[in-house]
Every structure is written in structure tokens, then in C-alpha cells.
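Listed here are the chains, written in short residue letters.
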Amino acid sequence: MSARPKAVVVGLAHAGLGLVRSLCLSNVDVVALTDGGDDDAWGRWTRFGEKVFCDLTRDGALIEELLRLGRSQTKKAALFLTSDEQVEDVSRGRERLKPYFEVNLPEQAVLTAVNNKRLFHGMALLHGLPVPGTRYVGSVRDAQEAGACIAYPCILKPSYRTRRLSLSDTPKVIKCLDAAELISGYRLFMPHNADCVVQEWVEGGDGEIYFCFAYRPFNYGETVFFTGRKIRQWPPYCGSTSVAEQCDNEEVVEATRRFIQAFDLRGYVSVEYKWHAGLKRFIIIEPTVGRANLQLALASAAGFNLPFLIYCDAVGAGLPSVRTNRPGAKWVHEPHELYSAFYYMRNEGLTFRQWMTSLKGRRSYALYRWDDPLPFMSFLYGIMRNRLKRARFFC
């Protein structure tokens, strides 16, 4: 039996897979809860960690599974979450989980204020934080009124992600070029979550988006920071990371420090910013609290093993000394980059040589790893299977 407490990771999608790998490579015993669904389809093949398959789609299922797992452990485990719904469930059930897990989350009211985009906008303005212009939409009539007075393009997204929305194929954000697209986009969100926000579009490409990962310990000690920049996204301009790189930026660090202080946050925090050329400043476009981000593995690739630092704080081992020792390291999400590179080559004039140059340097991948090949092989198998299905269709 291991003398060290375990780490429990919920979900084996890309963020969860990155967490499991980073922790296991630091000799931490990891248990990964997964429902084996589409999101976890590739990550479930990892050789790292112990996998527990369970149904996490039912209301209350996550807390039940964690309690069952916690009762079987001899020591309190460090808990890592990978979605907003998990954060909400665990926060509301934190007292029941307290005997079995160390969970470093802000108070429930603070979490609600940050994770609800409508509430966050109002609170951010009160604290003087830079955010894009935002308008609340709660009905088709609201969408029609917003469509008549807002500048285009604009961004439409749900105020918060519900479990129903996460289980659907609905995009997480829609870029609207006119009022008709705004109304049709809102109708797309309505069956899953009628509470949405319309935000001002901040001009600039994918490369103008910077992000900061931060961690504030249980004892509210010194916060650690890691910064990076997106190179491409999928979908372009308002999607998820396809390629990102480590990039020092003190302005982004200071903006994140102010954000943490304004909301008195602790635990894991991430903020995405976009450079506003007109205002000559970074604008907050997406805050995240309590869960790992898609590209968190970039920090580990740069020598800054943030998941291990979080684990050490959770189990009372003290914060290890971590630093970025591989400047300029890159992280590639293979499925996203496949689509993104093709789009930019076809529509934005990206040449093959420019694409290869953008990938130069020390790289890590969302799926591929030489000592853990099955997630990537599962991805390749899926591509081959889909091509065969199409070939049979046209035969």
C-alpha cells in the first residue's frame, strides 16, 4: 500500500488526461473516474493511473461515486476537477466530501459569481476589471432587442454551462455577424440553457489571446503564476486551443493577481485575455475557477508541473519549487490542429512552411506521448474508421 495519499481526477477528456500524466510522472498514485463516454474516448486508453468506470451523467452521481471511493481510501486524497459542472457539484457537496478529500475551492457565492458570466460581468465592473461590453439575453425577445442595438460581430454564449448543454453537440460560443445569426444562435442554446450573454467582439486573431494559470494555496499563501499564448484555435477566433506556447507576460500576471484579489479567490484559477488594440490593454474574455483547463499540460511541458504543486499543497507536503525551465515550449491538440491548420491554409493564406515554423520548438501533445501511445492510436483508429465508412457509403 502506498504511503502517499492518492490523487483523484474526474474525467479523462484532454484536460483529465494531461492531469493524470503530469501527476503519475511525479510518482503520484492516481485514480481517474470516467464514464467512458465520447469526451473520454481517447483518454480512457492511457496506461497511467487506475481507472474507475462509472455513470457520471446522472444528477448527484459524481458525489455518490466520490463518497464510495473516499470510504475505500485510508488517507484523504487530492481532488482534481475538469468541468464547470463538476466544480458546482463538488462545491455544493463539499461538507459531505470533506472527510475524504482535500478540495481547494472558494466559497460557493464566489464560485457562482465568477462562473456565471452575467453575474461576473457586473462584479468585474464594480471591481474595475477590464471586461468586454455585455448584454443579458433571457428570451427570444431579449435577443431581438439586443440584435437591434449591438455592434457586429458579437459573441453569444450561455451564462453558465449546464450538464444538459455539456452533453449536447451545441457549440460553447457562437460568433454572430448579424441580428439573424444572433437570434438563430440563441434558439440553438434555448433548449439547453435560456440564460445567455451577448458580448462585444474584441478585434484580433487567435495569437492575440493570452492566458494565465494561477494557484493560491489553502493557507492563502503566495500565489504562483504561469503564462502562455494561443497560436491557433478551433473553431478559429472563438474556439478552443489547438496550439499554444509558453510566453512570459508580466502584464497578464498582474491582471490575474488583481482578479484573484478582487474576488478573494483561492485554489486553481485561470484567466484568458485578448489584447484590445484600441484600448491598448488586455481584456478578460474567460475566467475559470476550480478546474483544469484544456491546455494546462503546457505548463508541465515547460517544466512547471502545476498539477504536482497543487497535489503537494492538498496533502500538506508543502509547495515544491517549480519554475519554467523550457521557455517557448508548445502544446498541440492534434484533433483541433488538424482542422484549424486546414482552415487557415484554405482561407487565411497560411503556407505549409509557415505552419511548420509555428510548431517549431519543444512540443508536447494532448494525445501523443511515446510512453503512452494508446490515446493517440485510438484517435488515428477513429479517423481510419470514419474514412472507411465514407468509402463504403460512396461505393
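What comes next is a walk through the structure. (Residues numbered from 1 in each chain as written. Predicted model: local features only at pLDDT ≥ 70, side-chain atom pairs only at ≥ 80, totals over all residues. Heavy atoms only, no water.)

Our focus in this paragraph is the overall build of the chain. Counting secondary structure elements, the chain contains 15 helices and 16 strands. By the compact-globule yardstick of 21 Å for 395 residues, the chain fits well, its C-alpha radius of gyration being 21 Å. By its C-alpha atoms, the chain is 65 × 60 × 40 Å across when sized along the principal axes. For the chain, the residues scored as buried account for 53% of the 395 residues in total. Look at the contacts in the chain between residues 6 or more apart in sequence, and 68% of them connect residues 24 or more apart. (Helix = DSSP H or I, 4+ residues; strand = E, 2+ residues; numbered from the N terminus. Rg over C-alpha atoms; globule rule 2.2 N^0.38 Å. Buried < 20%, exposed > 50% of the residue type's maximum accessible area, 1.4 Å probe, protein only. Contact = heavy atoms within 4.5 Å.)

With their axes 10 Å apart at the nearest point, helix α3 (residues 84-92) and helix α5 (residues 108-115) run at an angle of 165° to one another. Accordingly, the angle class assigned to the pair α3 and α5 is roughly antiparallel. Here the hand of the crossing between α3 and α5 comes out left-handed. In contact with Val-87, Glu-88, Ser-91 and Arg-92 of α3, α5 contributes Gln-108, Leu-111 and Asn-115. Here the contact of α3 with α5 is built from residues that sort into two nonpolar, three polar and two charged. (Axes fitted to C-alpha atoms, helices over the stretch in contact; angles between N-to-C directions. Parallel < 35°, antiparallel > 145°, perpendicular 65-115°, else oblique. Left-handed = near helix turned anticlockwise from the far one by under 90°. Nonpolar A, V, L, I, M, F, W, Y, C, P; charged D, E, K, R; others polar.)

Tracing the backbone through its elements, the reader meets Ala-297 in helix α11 (residues 297-301). Spatially, the C-alpha atom of Ala-297 lies 39 Å from that of Ala-180, the residues being 117 residues apart in sequence. When sequence neighbours within four positions are dropped, the list of residues in contact with Ala-297 reads Gly-18, Trp-331 and Ser-364.

Our focus in this paragraph is the packing of aromatic side chains. Within this structure, the stated rule accounts for 20 aromatic pairs. Taken together, a centroid distance of 6.2 Å and an interplanar angle of 40° make the contact between Phe-213 and Tyr-268 tilted. Here Tyr-268 lies in strand β13 (residues 267-276) and Phe-213 lies in strand β10 (residues 209-216), a separation of 55 residues in the sequence. The exposure class of Phe-213 is buried, given its relative accessible area of 0%. Exposure remark for Tyr-268: the relative accessible area of 5% places this residue in the buried category. Measuring from centroid to centroid gives 5.6 Å for Tyr-368 and Phe-376, while their planes differ by 80°, and the two rings are edge-to-face. Since its relative accessible area comes to 39%, Tyr-368 is described here as partly exposed. (Phe/Tyr/Trp six-rings, centres within 6.5 Å; stacked < 30°, edge-to-face > 60°.)

Looking now at the pairing of strand β14 (residues 281-289). The element β14 is largely enclosed, with a buried count of seven among its nine residues. As defined by bridge partners, β13 adjoins β14 across eight bridges and the pair is classed as antiparallel. Counted as the bridge partner of Val-271 is Pro-287 from β14. (Pairing = 2+ DSSP bridges.)

Now for the sheet that holds strand β1 (residues 7-10). Strands belonging to one sheet form pairs held by backbone hydrogen bonds; the direction of such a pair is parallel or antiparallel. Taken in spatial order, the five strands of this open sheet run β3-β2-β1-β4-β5, and their pairing is parallel. In this open sheet, the two strands that pair with only one neighbour each are β3 (50-53) and β5 (101-102). Pairing between strand β2 (residues 30-34) and β3: four bridges, direction parallel. Residue pairing across strands places Ala-32 opposite Lys-51, the latter belonging to β3. Along the sheet face, helix α1 (residues 14-24) touches β1, β2 and β4 (77-80) and points at about 165° away from the line of β1. Along the sheet, helix α2 (residues 61-71) makes contact with β1, β2, β3, β4 and β5, crossing β2 at roughly 150°.

Right, let's talk about the sheet that holds strand β9 (residues 196-200) for a bit. In spatial order, the strands read β6-β9-β7-β8; together these four strands make up an open sheet with antiparallel pairing. At either margin of the open sheet sits one strand with a lone partner, and together these are β6 (134-137) and β8 (174-176). Across the sheet, the mean angle separating the axes of adjacent strands is 25° when strand polarity is ignored. Note: β6 against β9, four bridges, orientation antiparallel. Paired with Arg-135 across the two strands is Val-198, which belongs to β9. The sheet contacts of helix α9 (residues 179-189) involve β6, β7 (154-158), β8 and β9, and relative to β7 the element is tilted by about 10°.

The subject of this paragraph is the environment of Arg-58. Looking at the secondary structure, you find Arg-58 in the loop between β3 and α2. Residues Arg-58 and Gly-43, spaced 15 residues apart in sequence, show a C-alpha to C-alpha distance of 21 Å.

Time to look at the packing of α5 against helix α6 (residues 117-126). At their nearest, the axes of α5 and α6 sit 5 Å apart, and the two run at 95° to each other. In this view, α5 runs roughly perpendicular relative to α6, as classed from their interaxial angle. Taken together, the residues of α6 that come into contact with α5 (itself represented by Thr-112, Ala-113, Val-114 and Asn-115) are Lys-117, Leu-119, Phe-120 and Met-123. By residue class, the composition of the contact of α5 with α6 is five nonpolar, two polar and one charged.

This is a description of form; function is not addressed.
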